[in-house]
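As a plain string of letters, each chain reads:
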Amino acid sequence: MGDSQPSCVLITGGCGFIGSNYINVTFNKWQNTRFVNYDKLAYGASPNHVEKDIQNSPRYKFVEASLEDQQTLNRVLAENEVDMVIHFAAITHVDESYSDRIGTIRDNVISTTTLLESIVNSNYKGVTRLVHISTDEVYGDSFADVTPKNEAVSLPNPTNPYAASKAACEMVIRSYWHSYKLPYVMVRMNNVYGPRQIQTKLIPKFTKLALENKPYPLMGDGLHTRSWMYVEDCSEAISRVALDGKLGEIYNIGTEFEMTNIELTRMIHATVNKLMNRDNTEPSFTPIPDRPYHDRRYYIDFSKIKNAMGWECTTPFNEGLMKTIDYYIKLHQKTARLQG
Ligand SMILES: NC(=O)c1ccc[n+]([C@@H]2O[C@H](COP(=O)([O-])OP(=O)(O)OC[C@H]3O[C@@H](n4cnc5c(N)ncnc54)[C@H](O)[C@@H]3O)[C@@H](O)[C@H]2O)c1
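Residues numbered from 1 in each chain as written. Predicted model: local features only at pLDDT ≥ 70, side-chain atom pairs only at ≥ 80, totals over all residues. Heavy atoms only, no water.

1. Some words on the pattern of salt bridges
Under the definition given, this model contains 17 salt bridges. Where lysine 214 meets glutamate 212, a salt bridge forms, and the shortest distance between an N and an O atom there is 3.3 Å. Lysine 214 gets classed as partly exposed once you look at its relative accessible area, which sits at 42%. A salt bridge links aspartate 326 to lysine 330; the shortest N-O distance between them is 2.7 Å. Of this pair, aspartate 326 and lysine 330 both sit in helix H11 (residues 317–338), four residues apart, which is roughly one turn of the helix. Taking the relative accessible area as the measure of exposure, aspartate 326 reaches 28% and is therefore partly exposed. Connected via shared salt-bridge partners are Lys29, Glu236 and Arg240. (Salt bridge = Lys/Arg side-chain N within 4 Å of Asp/Glu carboxyl O. Buried < 20%, exposed > 50% of the residue type's maximum accessible area, 1.4 Å probe, protein only. Helix = DSSP H or I, 4+ residues; strand = E, 2+ residues; numbered from the N terminus.)

And the structure:
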């Protein structure tokens, strides 16, 4: 595809956290591209995560359907003459994946495989590029690593059902590349944060608890570390890979910025206090049971995208966190007003 923008991009999962932010960031950059947002509206997803002026644009369309509905998918691809697909849709809840192992693996693997079938085996053959959104979790735990996980040499080694389902999707995609010439590129991303994330995830959930002066439930010793990347930075990286990534290749997307969950909680606590003009107090914690296996760290090498496309994160964490928390505070205040 070189540097040219697609005529019509199908965004799967565009009513979720990253997909909707991706549309909001990219829509006005890709001025000649039509956007079709294909989402089944799982828990926490909303068509209104996409900005109102985009929803009203003739270049934008929302289709409420599951990827497993192959007939609808085939029709939508053909009717809209889609030439690029960016595949965000997935069941993404790591904690729930331990209790619904079969559901998570079935949903993610079957919906991804159905999408691949529609791209390579339906009558419509117009898709020239699939951009698959994967995760650093496919590499598994990095706690003992002295060198970061690298796309070329580090093998997938997932440790939880969600990560296993995402690794399985990658393998199915690779098999379609070999057997059916599926034109794909793939990204594996660190943790992403920003507005419009489902309320059960750490930053929105702990912001609400901070507002309510409640203790923070922390798993295990709270010393697990994560690298956090602002959603607008990751959207830019995805666009670069979508336009310039080499077919059949994987690109790690990440940031050197890393902190423990307990440090992050303290930062959320202090930021909420600051934004609410409250005195800063000591946060209180409630220990909760840990995951059956809890990866302590994801340590990835993202020099490939940096060297090939000049991309790196530009949003300082404290700045991104401030914007994110400000968004959730306003959302909670609006919800409280609506509830009377
Ligand atoms: N959030 C992160 O930190 C992170 C990090 C790395 C990778 N990822 C990956 O990025 C992608 C997006 O993650 P997110 O955090 O925005 O998740 P999300 O749960 O907020 O959004 C997922 C969206 O997919 C939709 N969906 C799920 N199954 C579907 C199906 N069968 N058909 C149609 N729509 C379906 C949901 O309704 C939802 O809108 C996922 O593939 C995830 O694995 C996320």
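2. Considering the sheet that holds strand S11 (residues 258–260)
Read across the sheet, three strands follow the order S7-S9-S11 without closing on themselves; strand pairing throughout is mixed. Looking at the sheet topology across the chains shown, the edges are occupied by strand S7 (191–193) and S11. Taking the axes of each pair of neighbouring strands and ignoring which way they run, one obtains an average angle of 50 degrees across the sheet. With three bridges joining them, strand S9 (residues 225–230) and S11 adopt antiparallel strand pairing. Across the sheet, residue threonine 225 finds its bridge partner in S11, namely threonine 260. (Pairing = 2+ DSSP bridges. Axes fitted to C-alpha atoms, helices over the stretch in contact; angles between N-to-C directions.)

3. Section: the nonpolar core
Judged by nonpolar contacts, the single largest core of 35 residues is most densely connected at Trp30, Ile86, Met189, Ile238, Ile253 and Ile305. Where this core is concerned, the elements lending two or more residues are strand S1 (8–12), helix H1 (17–26), strand S4 (84–87), strand S5 (129–135), strand S6 (184–189), helix H8 (231–244), strand S10 (250–253) and helix H10 (303–309). By residue number, the principal contributor to this core is H8, which donates seven residues. Those residues within four positions of tryptophan 30 in sequence are excluded, and the remaining contacts are Gln5, Pro6, Val9, Tyr22, Phe35, Arg59, Met84, Ile86, Ser239, Ala242 and Leu243. In terms of nonpolar packing, the next biggest core, distinct from the first, is built from 28 residues, Ala65, Val109, Val127 and Leu130 among them. (Core = buried A, V, L, I, M, F, W, Y, C linked by side-chain atoms within 4.5 Å. Contact = heavy atoms within 4.5 Å.)

4. Overview of the state of the cysteines
This model, assessed by the stated rule, comprises zero disulfides. As a non-bridged cysteine, cysteine 15 has cysteine 8 as the owner of its nearest cysteine sulfur, 15 Å distant. By relative accessible area, which is 0% here, cysteine 15 ends up buried. There is no disulfide at cysteine 234, and the cysteine sulfur nearest it, in cysteine 313, is 8.3 Å away. Judged by relative accessible area, which is 0%, cysteine 234 ranks as buried. (Disulfide = S-S within 2.5 Å.)

5. Remarks on the site of the ligand
Taken together, the neighbourhood of the ligand is formed by 27 residues, with Ile18, Asp39, Thr92, Tyr162 and Lys166 sitting nearest. Note that an oxygen atom of the ligand is positioned 2.9 Å from one of the backbone N or O atoms of phenylalanine 17. Contacts to the ligand include lysine 166, whose side-chain N or O atom sits 2.7 Å from an oxygen atom. With the chains in place, 94% of the 830 Å² that the ligand exposes on its own is no longer accessible. Considering each element in turn, the shell around the ligand owes the most residues, three residues, to S5. By residue class, the composition of the shell around the ligand is 15 nonpolar, nine polar and three charged. (Near = heavy atom within 4 Å. Polar contact = N/O pair within 3.5 Å; in protein donor to acceptor, adjacent residues only side chain to side chain. Areas by Shrake-Rupley, 256 points an atom, 1.4 Å probe, with all protein chains shown as cover. Nonpolar A, V, L, I, M, F, W, Y, C, P; charged D, E, K, R; others polar.)

6. Observations regarding the sheet that holds strand S3 (residues 60–64)
Read across the sheet, seven strands follow the order S3-S2-S1-S4-S5-S6-S10 without closing on themselves; strand pairing throughout is parallel. What marks the edges here is a single partner per strand, and that holds for S3 and S10. When strand polarity is set aside, the average angle formed by the axes of neighbouring strands in this sheet is 20 degrees. Bridge count for S6 against S10 is four bridges, and the pairing is parallel. Across the sheet, methionine 189 pairs through a bridge with isoleucine 253, a residue of S10. Contacting S1, S4 and S5, helix H5 (residues 101–121) runs over the sheet at an angle of about 175 degrees to S4. Along the sheet, helix H6 (residues 161–180) makes contact with S5 and S6, crossing S5 at roughly 155 degrees.

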